[in-house]
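Now for the letters of each chain:
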Amino acid sequence: MRYRHTQIGWVSLVGMGGGMVLTLGLMLTSGKLAVAAWVAPAIAVTFLLFMAVFGRLTTIITDEDFIARFGWLGWPSQVTPLDKI
C-alpha cells in the first residue's frame, strides 16, 4: 500500500442527523401518532443507513489500483487500475 486516507463527511452526517431529528420531531408532534408509530422507525433506519453509507470516504492507492470506498460498510466501492487513469 502506497497511500491511504479517510475523511469524515461531517457536513453530511450533521445534515442527515439534523434532518432525521427534525423529521421525527415534526412527525411525533403532528398528532397522528398511529401513523408515526410505524413510519418513525422506518425514517430513522433510512437516515442511519444513509449516514453509514455516505458519512465517510476512504481512498487507497496501491501499486496497481486506486480504490475508493464509501462509509463504514465499505460499500459502494470503486477499484480503478492505475494504468487506466
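Residues numbered from 1 in each chain as written. Predicted model: local features only at pLDDT ≥ 70, side-chain atom pairs only at ≥ 80, totals over all residues. Heavy atoms only, no water.

**Student:** Run through the overall build of the chain, naming residues and quoting values.
**Tutor:** For the chain, the helix and strand inventory stands at two helices and four strands. Ordered by position in the sequence, the α and β elements of the chain form the string β-α-α-β-β-β. Over its C-alpha atoms the chain spans a radius of gyration of 18 Å, topping by over 25% the 12 Å that the globule rule assigns to 85 residues. Referenced to the eigenvectors of the C-alpha coordinate spread, the extents of the chain come out at roughly 60 × 20 × 15 Å. In the chain, which comprises 85 residues, the share counted as buried stands at 26%. Intrachain contacts of the chain at a sequence separation of at least 6 include 41% that bridge at least 24 residues. Side chains of the chain give 6 positive and 4 negative charges; the mean places of these two sets differ by 18 Å. (Helix = DSSP H or I, 4+ residues; strand = E, 2+ residues; numbered from the N terminus. Rg over C-alpha atoms; globule rule 2.2 N^0.38 Å. Buried < 20%, exposed > 50% of the residue type's maximum accessible area, 1.4 Å probe, protein only. Contact = heavy atoms within 4.5 Å. Lys, Arg positive; Asp, Glu negative; His and termini not counted. Charge placed at Lys NZ, Arg CZ, Asp CG, Glu CD.)

**Student:** If you had to explain a nonpolar patch on the surface to someone new, which residues and values would you point to?
**Tutor:** Judged by side-chain polarity, Ile 8, Trp 10 and Trp 72 come together as a nonpolar surface patch covering roughly 350 Å² of accessible area. Residue placement: Trp 10 occurs in helix H1 (residues 10-28). (Patch = residues over 30% accessible without salt bridge, like charges linked within 9 Å, V, L, I, M, F, W, Y side chains within 5 Å. Areas by Shrake-Rupley, 256 points an atom, 1.4 Å probe, with all protein chains shown as cover. Salt bridge = Lys/Arg side-chain N within 4 Å of Asp/Glu carboxyl O.)

**Student:** Which residues make up the packing of aromatic side chains, and what are the values?
**Tutor:** One pass over the full model with this rule turns up two aromatic pairs. Taking 6.1 Å as the distance between ring centres and 20° as the angle between the ring planes, the aromatic pair formed by Phe 50 and Phe 54 counts as stacked. With a gap of four residues between them, Phe 50 and Phe 54 both fall in helix H2 (residues 33-54), about one helical turn apart. Residue class for Phe 50 comes out partly exposed when judged on its relative accessible area of 43%. Under the relative-accessibility criterion, Phe 54 is labelled partly exposed at 40%. Seen from their ring centres, Phe 54 and Phe 70 are 6.1 Å apart, and the 65° between their planes marks the pair as edge-to-face. Taken as a pair, Phe 54 in helix H2 and Phe 70 in strand E3 (residues 65-70) lie far apart in primary sequence, 16 residues in all. We classify Phe 70 as partly exposed; its relative accessible area is 31%. Ring-pair connections join several aromatic residues into one group, and the members of that group are Phe 50, Phe 54 and Phe 70. (Phe/Tyr/Trp six-rings, centres within 6.5 Å; stacked < 30°, edge-to-face > 60°.)

**Student:** Can you tell me about unusual backbone geometry, naming the residues and giving the values?
**Tutor:** Residue Pro 76 is reached from Trp 75 by a cis peptide bond, and omega for that bond is -5°. Mapped onto the fold, Pro 76 is located in the loop between E3 and strand E4 (77-81).

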